[in-house]
Amino acid sequence: PLIPPTEARVRDHVAASGRFPDALLGMLPPRDGRCTVEKLAVNAVMAGAPAEAMPLLCAAVEACVDPGLDLFSLNTTTSSVGPGLFVNGAIRHALSLPMDAGCFGGVAGPAPAIGRALRLTMRNVAGQKIGENSKSVFGQPGRVTGIVVGEWEERSPWAPLAERRGVPGNA
C-alpha cells in the first residue's frame, strides 16, 4: 500500500525529525539525488513509517553517503543485496523494533515500513531503477523493504556494534 503524502503528513514527519525541511542529508548515488529532510519525509509517509522514525531515517540516509558504504554499488549491482539497519540505543524500544526471535521477518511493527521508506528514497531520490542503472538479476524481498532490526544489547555479551565502530550512544 501507498499512503498519500499530504502536506499535513509530510509536515508532521519533518517536525518529528527536528530539522528544517530543506536541510541536506546527502547526495545519493547512482544519480546523485539531492536528499533533503522533506524528500525523505515524503517517502517515509508513502511507506507508512511513523513520524517518530524520522531521526533514525535521517541518520540512515546520512550513513548512506559514507564512502565506505558504497551505496552506488548497492544500488546498481547485479546481485540481490539490500540495506540493513541495525539499531541500538533507546530508539529500539521507542519504535518497538524487533530484536528477539523472528526479528528478520514475521514480527509485527513499524520495521518493514521504516526499511521501505529508505528503499523508496533510494529509488525516488537516488534514482535506482531496476533494469536501467540497477542490473539486479533476481532480486529478493529485502530489495523492497530492507532489513531493520534492533540490537538486543541487554542480552549480548559484546558491546553494541555502533560502539565497536566508534559511534557512541543512540545509533
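Quick note: structure is the one above.
Since the structure is predicted, the reported quantities are computational estimates derived from the model, not experimental observations.

**Considering a nonpolar patch on the surface**
Moving on, step 1. On the surface, Phe86, Phe104, Ile147 and Leu161 cluster together to form a nonpolar patch covering roughly 370 Å² of accessible area.
Moving on, step 2. Inspection of the secondary structure assignment puts Phe104 in the loop between helix 5 (91-94) and helix 6 (111-124).
Moving on, step 3. A relative accessible area of 57% means that Phe104 is categorised as exposed.

**Topic: the packing of aromatic side chains**
Aromatic ring pairs are described here by two measures, namely the spacing of the ring centres and the angle between the planes.
Moving on, step 1. For the structure shown, the criterion picks out one aromatic pair.
Moving on, step 2. For the cation-ring pair, Arg155 lies above Trp152, with the distance from its terminal atom to the ring centre recorded as 4.6 Å.

**Examining the environment of Arg116**
Moving on, step 1. Positionally, Arg116 belongs in helix 6.
Moving on, step 2. It is 6.2 Å that separates the C-alpha atoms of Arg116 and Val144, two residues lying 28 residues apart in sequence.
Moving on, step 3. Among residues more than four places away in sequence, those in contact with Arg116 are Pro1, Met46, Ala47, Val144 and Thr145.

**Digging into the packing of helix 3 (residues 54-64) against helix 6**
Moving on, step 1. Orientation of helix 3 relative to helix 6, taken along the N-to-C sense of each, is 45°, at an axis distance of 11 Å. With respect to their mutual orientation, helix 3 and helix 6 come out oblique. Considering only the axes of helix 3 and helix 6, their crossing is right-handed. Listed contacts from helix 6 to Leu56, Leu57, Ala60, Val61 and Cys64 of helix 3 are Ile114, Ala117, Leu118 and Met122.
Moving on, step 2. Among the residues forming the contact of helix 3 with helix 6, the class breakdown is nine nonpolar, no polar and no charged.

**A look at unusual backbone geometry**
What is expected of a backbone is that most residues other than glycine have negative phi and most peptide bonds are trans.
Moving on, step 1. A cis amide bond links Pro29 with the next residue in sequence, Pro30, at an omega value of 20°.
Moving on, step 2. Among the structural elements, Pro30 can be located in the loop between strand 1 (24-28) and strand 2 (33-36).
Moving on, step 3. Of note in the backbone geometry, Asp32 takes a positive phi value of approximately 55° without being a glycine.
Moving on, step 4. For Asp32, the position within the fold is in the loop between strand 1 and strand 2.
Moving on, step 5. Of note in the backbone geometry, Ser96 takes a positive phi value of approximately 55° without being a glycine.
Moving on, step 6. Residue class for Ser96 comes out partly exposed when judged on its relative accessible area of 48%.

**Structural notes on helix 6**
Moving on, step 1. The terminal C-alpha atoms of helix 6 lie 20 Å apart, and with 14 residues this matches the ideal 20 Å at 1.5 Å per residue to within 8%.
Moving on, step 2. With ten of 14 residues buried, helix 6 is to be regarded as a mostly interior element.

**Structural notes on the side chain of His13**
Moving on, step 1. Mapped onto the elements of the fold, His13 is located in helix 1 (residues 7-17).
Moving on, step 2. In this structure His13 comes out as buried when scored by relative accessible area, which is 9%.
Moving on, step 3. Every residue in contact with His13, bar those within four places of it in the chain, is listed here: Ala41, Ala44, Val45, Ala49, Pro50, Ala51 and Met54.

**Brief notes about the side chain of Thr121**
Moving on, step 1. For Thr121, the location among the structural elements is in helix 6.
Moving on, step 2. Given the relative accessible area of 1%, Thr121 is considered buried.
Moving on, step 3. Among residues more than four places away in sequence, those in contact with Thr121 are Leu28, Cys35, Leu40, Asn43 and Ala126.

Criteria and thresholds
- Residues numbered from 1 in each chain as written.
- Predicted model: local features only at pLDDT ≥ 70, side-chain atom pairs only at ≥ 80, totals over all residues.
- Heavy atoms only, no water.
- Patch = residues over 30% accessible without salt bridge, like charges linked within 9 Å, V, L, I, M, F, W, Y side chains within 5 Å.
- Areas by Shrake-Rupley, 256 points an atom, 1.4 Å probe, with all protein chains shown as cover.
- Salt bridge = Lys/Arg side-chain N within 4 Å of Asp/Glu carboxyl O.
- Helix = DSSP H or I, 4+ residues; strand = E, 2+ residues; numbered from the N terminus.
- Buried < 20%, exposed > 50% of the residue type's maximum accessible area, 1.4 Å probe, protein only.
- Phe/Tyr/Trp six-rings, centres within 6.5 Å; stacked < 30°, edge-to-face > 60°.
- Lys NZ or Arg CZ within 6 Å of the ring centre and 35° of its normal.
- Contact = heavy atoms within 4.5 Å.
- Axes fitted to C-alpha atoms, helices over the stretch in contact; angles between N-to-C directions.
- Parallel < 35°, antiparallel > 145°, perpendicular 65-115°, else oblique.
- Left-handed = near helix turned anticlockwise from the far one by under 90°.
- Nonpolar A, V, L, I, M, F, W, Y, C, P; charged D, E, K, R; others polar.
- Expected span 1.5 Å × (residues − 1).

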